[in-house]
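Breakdown of the fold
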Amino acid sequence: MKKKLILSMLCLLLTACSMPGLGGNTDTQIVIAAGNTSERQILSQIVSEMIKKYTDLKVTIINNLGSTTLIHTAMNEGDVNLSGGMYTGTSITGELGLDAIMNPTEALRVSQEEYLKRFNRIWYDSYGFSNTYAFMVTKEFANEHNITKVSELEQFKDTLKVGVDSSWIQRQGDGYDGFQEKYGYGFKNIYPMEIALVYSAINNGEMDVVLGYSTDGRINSYGLQILEDDRQLFPPYDCSPVASAEIVKKHPEIDVILKTLSGKISSEQMQYMNKRSDEDLIEPQIVAKEFLEENNYFKDEVKL
């Protein structure tokens, strides 16, 4: 597909992006694809602020690229040269077209090797957290019924009201069919809904169990408890930055900065930052700066 067509598609889809970012020269500046979630936008701002702190490079962020596929396409076409957050489980079964890999170490290794071989991109080590699907209940429900694992929900399968992401019902591999095969039971009362609605549904008592994302800030806000996926339905979705090998070769300081961020963000920290953005309505750039200021921009580890 011609680059003009890709740019036209992006212009239609990026409802809140900065138009200059689409025309950014990826030969002379860093253009970061941030995605359409608070998490990806916060991570992209962290990367951007680190680059601006330690280099004189010009950095542009494109927000609201609506999917990993769209980010991948934009990188293929040379419209962006860095992604603030990519997820192993998504990319392995997505653009790489491979079967799901359940071992996190192996999933990271395959992502790194295949991305370099196929796309000439560097997939860095994880920030330190994984954002996967997760079943969750209120802490009150967990304490009352002594529930800590997904398999333990079977005894209540006919009475529970379960809210799940609409797309999960038909999802191949780790969707509802996969769940029933892996766990050996299904739910009598299951309600597909938009993922953003599941948290308010359980918070308002409309649902007993919901399927959400493991780093969502509302987990803490609403006092929810993630249940252990004890039969390993969901593959790992460890999150890492990804950069084109060309831009890293041209600006090796990018490599130093992205390696510095490895292992620096825990699931709890990501939950908190997502809460700051989604619940407290703080701009992702401010959330990112707060995180970096608290950690002194990892000054002692950045060796340029």
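Residues numbered from 1 in each chain as written. Predicted model: local features only at pLDDT ≥ 70, side-chain atom pairs only at ≥ 80, totals over all residues. Heavy atoms only, no water.

**Some points on the sheet that holds strand 3 (residues 82-87)**
To keep things clear, this is the line we draw: Strands qualify as paired when DSSP identifies two bridges or more between them. Numbering goes from the N terminus for both helices and strands, where a helix is a DSSP run of H or I of at least four residues and a strand is a run of E of at least two. A fitted line through C-alpha atoms serves as each axis, taken over the contacting stretch for helices, and the angle formed by two N-to-C directions is quoted from 0 to 180°. By the convention used here, residues are in contact when the closest approach between their heavy atoms is within 4.5 Å.
An order of 2-1-3-10-4 is seen for the 5 strands of this open sheet, with the pairing classed as mixed. Strand pairing shows two members of the sheet lacking a second neighbour, strand 2 (59-63) and strand 4 (121-123), which therefore form its edges. On average, each strand axis in the sheet is tilted by 30° relative to the strand beside it, whichever way the strands run. Of the strand pairs in this sheet, strand 3 and strand 10 (residues 239-244) are connected by 4 bridges, and their pairing is antiparallel. In the sheet register, tyrosine 87 faces strand 10, and the bridge partner there is cysteine 239. Each of strand 1 (30-35), strand 3, strand 4 and strand 10 touches helix 4 (residues 68-76); the most contacted strand, strand 3, lies at about 145° to it.

**Notes on the nonpolar core**
Among soluble globular proteins, nonpolar side chains are generally buried collectively. Note the threshold: Buried Ala, Val, Leu, Ile, Met, Phe, Trp, Tyr and Cys residues that are joined via side-chain atoms within 4.5 Å together make up what is termed a nonpolar core. Each residue gets one of three labels from its accessible area relative to the maximum for its type: buried under 20%, exposed over 50%, partly exposed in between, using a 1.4 Å probe on protein chains only.
Counting 36 residues, the largest nonpolar core has Ile30, Ile46, Ile51, Leu82 and Ile265 as its most contacted members. Top contributing element to this core by residue count: helix 3 (residues 38-54), with 6 residues. If we ignore the near neighbours within four places in the chain, the residues touching isoleucine 51 are Ile30, Leu57, Val59, Leu82, Ile254 and Ile257. The next biggest cluster of nonpolar side chains, apart from the first, holds 24 residues, and it includes Phe141, Ile147, Phe156 and Leu160.

**Quick look at the side chain of serine 48**
Its location among the elements puts serine 48 in helix 3. When sequence neighbours within four positions are dropped, the list of residues in contact with serine 48 reads Ile32, Val59 and Ile61.

**Description of the domain arrangement of the protein chain**
Heads up, the rule is: Each domain's extent is set by a domain assignment, obtained either automatically or from a database. Buried area is a sum: the accessible area each of two parts loses on coming together, probed at 1.4 Å, counted once for each and added. Here, a salt bridge means any side-chain nitrogen of Lys or Arg that lies within 4 Å of a carboxyl oxygen of Asp or Glu.
Each assigned domain of the protein chain is listed here: domain 1 (26-130 + 238-295) and domain 2 (133-226). Listed per partner, the contact involves 9 residues of domain 1 and 10 residues of domain 2. Taken over both partners, the interface formed by domain 1 and domain 2 buries close to 750 Å², and the fraction arising from carbon and sulfur atoms is 41%. Among the residues of domain 1 in contact with domain 2, Gln271, Lys275 and Glu279 are the three that bury the most area, contributing 61% of the side total. Joining domain 1 to domain 2, the criterion identifies 0 salt bridges.

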